[in-house]
Amino acid sequence: MHPLKLRFVLLLFVLLRTLNVQAQLYDSQERYHSFQFNVNEGLLQSHVSDIAIDKYNFAWLSFANGIQRFDGIGFTDIPIQKGLPDDKNCTFFELEDSTLLINHFLGLTKYDPKEASFKLVFSYPENNTEIPAILGMDKKFLYLFFKHGQLVTLNKKDFSIVSKIFLQNYYYPSDFNGYLISDLMKDRFAIVDEKRIVVFNVHTGKPVAVSQNIGVVSGTKLGFYSTSVIQFFVEENGVTVEKYWDIKSDIIISSQKLDELNSKPFRSAYLQKEKVIFQLYFNRLFKTYSDKIPARRNEIVTIQNTPITNDAVIYKLKQDHFGKLYLLTINSGFYIAMPNVYNLKYFGIPGYRQNFATAIHVDKQKNRLYVGTYGNGLLIFDTLQHLQKHIKNFPGEKISFTPAGIVPMGENKYMLMCWGNKEGWILEDDELKPKAVKVSSYGKTPLNAINYYGNTLQDEKGKWWVQTSSTLYEINEDKIIQIDLPFYLATGGAFIHHEFVSFANDRLIFTNLKTKKTRSYHLPNTGGVRCMTTRENTLCIGGNKGVFIVREDGRLLQVFNKKNGLPDECIYSIVVDKNNDLWCSSNRGLFKINQNGKITRLTKEDGLQENEFNTNVVAKANDGELYFGGVNGVSAFYPSNITSTSSPTSIFFTDIKVNNKSYTTDSMAIWNTKSLNLGYNQNSLAFNFVAQSNTIPSQFVYQYKMEGVDNEWLQNDGLQTVRYFLPPGEYDFKVYASKFFNPDATAMQSIHLKIAEPFWNTWWFMLLLGTVAVVSIYFVISQSQKAKYRKKLDILAHENELKEEREKISKDLHDSIGAYANVVLYKTELLQQENRSDEFGQLVTDLKFASKDIITSLRENIWALKQEEFTADECFLRIKSFLHAITRYYPSLNLKVKGEAPKDTKLYYRNALHVVRIIQEAVTNIIKHAEAKNILVLSSENESHWILEVMDDGKGFEPILIQKNEEGNGLINIKHRVEEAGFGYELKSSKGNGTEIRISINKK
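Just so it is clear, the model here is predicted, and its values are computed rather than measured.

Caption draft 1: Summary view of the overall build of the protein chain. Within the protein chain, the secondary structure is distributed over eight helices and 71 strands. Considering only intrachain contacts with a sequence separation of at least 6, the fraction spanning at least 24 residues in the protein chain is 54%. For the protein chain, the computed accessible surface area is about 48000 Å², with 50% contributed by carbon and sulfur atoms.

Caption draft 2: Spotlight on the pairing of strand E14 (residues 188-193). Counted residue by residue, E14 has five buried out of six residues, so it is predominantly covered. Where E14 lies against strand E15 (residues 196-201), six bridges are found, and the strand directions are antiparallel. What sits directly across from Asp 193, in E15, is Arg 196. The hairpin formed by E14 and E15 contains two residues between the paired strands, and Glu 194 there has a positive phi angle of roughly 55 degrees.

Caption draft 3: The pattern of salt bridges, seen in detail. With the rule as written, the count across this model stands at 30 salt bridges. With a shortest N-O distance of 2.3 Å, Glu 477 and Lys 413 are connected by a salt bridge. Of this pair, Glu 477 sits in the loop between strand E39 (472-475) and strand E40 (480-483) while Lys 413 sits in strand E34 (residues 413-418), placing them 64 residues apart in sequence. Judged by relative accessible area, which is 17%, Lys 413 ranks as buried. For Arg 998, the salt bridge identified is with Glu 986, shortest N-O distance 3.7 Å. Here Arg 998 is found in strand E71 (residues 995-1002), whereas its partner Glu 986 is found in strand E70 (residues 984-989), with twelve residues between them in sequence. Residues joined by salt bridges that share partners form a network here, namely Lys 345, Lys 364, Asp 623 and Glu 625.

Caption draft 4: Local environment of the pairing of strand E49 (residues 571-576). In terms of residue burial, E49 counts as a mostly covered element, since six of its six residues are buried. Examined bridge by bridge, E49 and strand E50 (residues 582-586) share five bridges and lie antiparallel to one another. Residue pairing for E50: Ser 573 is matched across the bridge by Ser 585. Between E49 and the antiparallel strand that follows it, E50, lie five residues; Asn 580 among them carries a positive phi value of about 65 degrees.

Caption draft 5: Quick peek at unusual backbone geometry. One non-glycine residue, Asn 310, adopts positive backbone phi at about 60 degrees. Tracing the backbone through its elements, the reader meets Asn 310 in the loop between strand E24 (296-302) and strand E25 (314-319). For Asn 310, a relative accessible area of 41% puts it in the partly exposed group. Backbone geometry places Glu 931, a non-glycine residue, at a positive phi of 55 degrees. Here Glu 931 falls in the exposed class, since its relative accessible area comes to 63%.

Caption draft 6: Quick peek at the nonpolar core. Phe 687, Phe 689, Phe 733 and Leu 753 are the most contacted members of the largest nonpolar core, which has 43 residues in total. Listing elements by their share of this core, those giving two or more residues are strand E7 (100-104), strand E56 (650-658), strand E58 (675-678), strand E59 (684-692), strand E60 (701-707), strand E62 (722-725), strand E63 (729-738) and strand E64 (749-755). Not counting residues within four places of it along the chain, the set of residues in contact with Phe 733 comprises Phe 653, Phe 687, Phe 689, Tyr 704, Lys 705, Met 706, Val 722, Tyr 724, Gln 749, Ser 750 and Ile 751. Core analysis: the next-biggest nonpolar cluster, separate from the first, contains 38 residues, Tyr 890, Ala 912, Ala 922 and Ala 932 among them.

Caption draft 7: Quick peek at the packing of helix H5 (residues 872-886) against helix H6 (residues 909-930). At a minimum axis separation of 9 Å, H5 and H6 run at an interaxial angle of 25 degrees. The angle between H5 and H6 places the two elements in the roughly parallel class. Judged by the twist between their axes, the crossing of H5 over H6 is right-handed. The residues of H6 that touch H5, namely those facing Cys 875, Arg 878, Ile 879, Phe 882, Leu 883 and Ile 886, are Ala 912, Val 915, Val 916, Ile 919, Gln 920, Val 923, Thr 924 and Ile 927. Among the residues forming the contact of H5 with H6, the class breakdown is eleven nonpolar, two polar and one charged.

Caption draft 8: Broad picture of the packing of aromatic side chains. If you walk through the whole model with that rule in mind, you get 50 aromatic pairs. Taking 6.0 Å as the distance between ring centres and 45 degrees as the angle between the ring planes, the aromatic pair formed by Phe 347 and Tyr 627 counts as tilted. Taken as a pair, Phe 347 in strand E28 (residues 345-347) and Tyr 627 in strand E54 (residues 626-630) lie far apart in primary sequence, 280 residues in all. Judged by its relative accessible area of 0%, Tyr 627 falls in the buried class. Ring centres of Trp 419 and Tyr 452 lie 5.4 Å apart, and the angle between their planes is 70 degrees; this geometry places the pair in the edge-to-face category. Pair noted here: Trp 419 is in the loop between E34 and strand E35 (423-428) and Tyr 452 is in the loop between strand E36 (431-441) and strand E37 (454-458), with a separation of 33 residues, a long-range link. For Tyr 452, a relative accessible area of 18% translates into the label buried. Among the aromatic residues, those joined into a ring-pair cluster are Phe 653, Phe 687, Phe 689, Phe 700, Tyr 702, Tyr 704, Tyr 724 and Phe 733. Above the face of the Phe 510 ring, Arg 519 is positioned so that its terminal group lies 4.1 Å from the ring centre.

Caption draft 9: Local environment of the sheet that holds E36. The eight strands are arranged E33-E34-E35-E36-E40-E39-E38-E37 in an open sheet whose pairing can be described as mixed. Looking at the sheet topology across the chains shown, the edges are occupied by strand E33 (403-410) and E37. The mean inter-strand angle of the sheet, taken between neighbouring strand axes irrespective of direction, is 30 degrees.

Caption draft 10: Up close: a nonpolar patch on the surface. A surface patch of nonpolar side chains, amounting to about 670 Å² of accessible area, comprises Phe 759, Trp 763, Trp 764, Leu 767, Leu 768 and Val 772. Here Val 772 is to be found in helix H2 (residues 763-788).

Caption draft 11: The arrangement of helix H8 (residues 969-981) in detail. The terminal C-alpha atoms of H8, which comprises 13 residues, lie 18 Å apart, in line with the 18 Å expected from a rise of 1.5 Å per residue. Those residues of H8 not exposed but buried are Gly 970, Leu 971, Asn 973, Ile 974, Arg 977, Val 978 and Ala 981. Buried residues of H8, viewed axially, fall in a sector of 160 degrees; they line one side. Immediately beyond the C-terminal end of H8, within one or two residues, lies Gly 982, with a positive phi of roughly 75 degrees.

Caption draft 12: Looking closely at the packing of H6 against H8. Direction vectors running N to C along H6 and H8 enclose 160 degrees, while the axes themselves pass 10 Å from each other. With respect to their mutual orientation, H6 and H8 come out roughly antiparallel. Two packed elements cross with a definite hand, and for H6 against H8 that hand is left-handed. Taken together, the residues of H8 that come into contact with H6 (itself represented by Arg 910, Asn 911, His 914, Arg 917, Ile 918, Glu 921, Ala 922 and Asn 925) are Gly 970, Leu 971, Ile 974, Arg 977, Val 978, Glu 980 and Ala 981. Residues belonging to the contact of H6 with H8 are distributed by class as follows: six nonpolar, four polar and five charged.

Caption draft 13: Structural view of the side chain of Thr 471. Of note, Thr 471 is situated in the loop between strand E38 (464-468) and E39. Under the relative-accessibility criterion, Thr 471 is labelled buried at 1%. Here Asn 448 takes part through its side chain, which lies 3.0 Å from a polar atom of the side chain of Thr 471.

Rules used throughout
- Residues numbered from 1 in each chain as written.
- Predicted model: local features only at pLDDT ≥ 70, side-chain atom pairs only at ≥ 80, totals over all residues.
- Heavy atoms only, no water.
- Helix = DSSP H or I, 4+ residues; strand = E, 2+ residues; numbered from the N terminus.
- Contact = heavy atoms within 4.5 Å.
- Areas by Shrake-Rupley, 256 points an atom, 1.4 Å probe, with all protein chains shown as cover.
- Buried < 20%, exposed > 50% of the residue type's maximum accessible area, 1.4 Å probe, protein only.
- Pairing = 2+ DSSP bridges.
- Salt bridge = Lys/Arg side-chain N within 4 Å of Asp/Glu carboxyl O.
- Core = buried A, V, L, I, M, F, W, Y, C linked by side-chain atoms within 4.5 Å.
- Axes fitted to C-alpha atoms, helices over the stretch in contact; angles between N-to-C directions.
- Parallel < 35°, antiparallel > 145°, perpendicular 65-115°, else oblique.
- Left-handed = near helix turned anticlockwise from the far one by under 90°.
- Nonpolar A, V, L, I, M, F, W, Y, C, P; charged D, E, K, R; others polar.
- Phe/Tyr/Trp six-rings, centres within 6.5 Å; stacked < 30°, edge-to-face > 60°.
- Lys NZ or Arg CZ within 6 Å of the ring centre and 35° of its normal.
- Patch = residues over 30% accessible without salt bridge, like charges linked within 9 Å, V, L, I, M, F, W, Y side chains within 5 Å.
- Expected span 1.5 Å × (residues − 1).
- Arc of directions from axis to C-beta.
- Polar contact = N/O pair within 3.5 Å; in protein donor to acceptor, adjacent residues only side chain to side chain.

Given below as structure tokens:
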């Protein structure tokens, strides 16, 4: 084609494009979930300077005064440290090897997320006064642009300088703020030079193309729409205009006024992922496609059909590895936006408490959803979520009404049963008729005003009824009949096999409304019934303590509550879908119970109106779509869209505390650590973890289990810190996350723990201690002999001290070694009487264990000497160990331990030993003398004392008589210990009634 003809065609094309300057801003809308995070959640400041996403999907946030890492739940402040000398107003760049560059005034810092380490890889000159822009990176080089026009190329392997180039023919405006510059597009980038756009080759620094005078450019970024087209915005007569500049032909190929977005200052940014571009203008976000100019746009709005950040101005956006969008705003923190994967619908209007739903009815053929609200009348929507009409008052009245029931009466005709009235109102063709339908009753029973809680029901013949908390109404077009029943109604009711079922006084009541005959069945522990429905020949009942499945003969088949995975036990409404699965509303969202008992949960974070719903405000359309009303409108969905499967999910440990201090390693980040080897005194552990997926972490149901401690999976609501206090041994801590509680889950993340034995339990320490003891005894005896010849008075005094010490040792021997010696004696006597070789082997084994326990008892004395104080927990653990050992020798004896020791109580070492020895002596006495079958050791506490009790069901004794013979030595030893330690002491016993010993230890 001739060049002149080509130019003419291009000009004609441009003219046709620019004629449609007020085209519609978007083609359609996409609904996303939107979650705001600001200083209330722990954000350092309301204005975030920059954002990056690391390998593990953690977000890095830059501020004027620091850096934070965000794991989806909490924020971690990143301090200045070795390798990171500066943290003010940093910018980020994500490298190909999944590391991050942190760009600050002093240079470039490389962050390795695998090791959680920082390294300064490039330093800026000492007189540097700016943070340069990182244009981008190609296969070999990284490019930096300084505002004075210098382009610096770095080798991306070692960050050495390859070249420094000053841009040619470039005039830099003095008021340049660093915003109006593009990212690298292949080998080129663009800047705004006064009122022109200049495209440079990144290798040579020479201009590739220069635009004509385009006017004052607005926004925060130039966008390469393609390699040859740049999108930008200008202000023309106070209106923002979107334009596209074709670099090759140097013409503006499209121009569109953005009247709807006209705001000062105008902000814009874009994020390109293949052919999909996310663009933001002021507070609105669009999803565009680069295959057409002007772009085909879908506006991204919230589930409530509002701009994605409400009124907050967006100026930067980032997409994480799972497709979630991070939107940085000016002084309003940041938002996370993600697609409405379940296609949830929302019906409501703006305004606090304007959507508090009390009754709903859906008519798909008429394309209508009717929503009765508390004190705000009737909202009428089409099924595309658009409000068609709002009726607030009855004809001639000023006060808004509250529908408790909406009953279809024929084509385009409905009966409204409203709170506080004694008549119904006809709604026809979406208009209220001035004539009300009166309520009448059989007999002389006075009429009741319609109550607040309404439950619209249809019997098996198709007749409509409205049940309230006090009355049942039969609905007819020309009259409403109040049905008097001989009991007080709950809010839940249903029809099954020509009987009306209700609940009162812990009983299910079946009533034949014609004959008034009733039958009832006891159904306890419901906490009161709010709702019910039928499924085949069963009743599905929602109470305040879960879901109950009951046969029509009253037999309870199943109960679902928190123990088997319900997020909440207060059930507001219940409905059966086409697959015979149950859907329930509660105070913590919606959940499905399928026929296998598996529970799938929906929450506000998934797009529900709120987590709190209302009693019996539920409807099911003919095509199976479900509608649930709550405190902020109505949520609707097709159950087939709600599946338990989701995108790949990764779980990371974000913090592990050992003795209340975060555990760190030199070579591995905590989220990559697979095992911990800890000392015996590093056994107080706390775990924090989080799941990364295409949803926000709080949407998951988290489960955890410490193998070796927990037999089953435990549910972690609200991502609370999980804490353990572990004895020496090996353990595996496992974590799982899903949309439902899974009792048969397979761990997604785990960490192996090994806690070493204390050194005083090792053989070499025992040998060393024995040697020291022998030497010490020899030294004491030697010194005693020498002292005997020096001064007789000193000898006598010394002998008196030895006597007192011998008395203490004799008590300890009686209380500890004596117990096990008794076992040895008992087993020896059996051995003498036993002839069978197999039993002989068992007895020998028992003698071996008894010998080991004698050594263990010696360790008890050593344990008491190792430090000045011991916690009550440590003492109680010693008691448990002793009792566990005793049970091996007396298998017919039922010995139980109940209770826990006080957490913050400490005892002086001698008193700690007294506590252990007293309980040992008490249990040994019972075994030797009481002929008991059951022994209970009970630990409890009150405000001032730790209380230990030993009780048995043995033959008992008279305390006064028993102390006169040798069998009273154990009680005398206990009393001596109690007096020496200053414990409280009580002894209760009588012939045939067992014995109870009680000691109380001051907690202060």
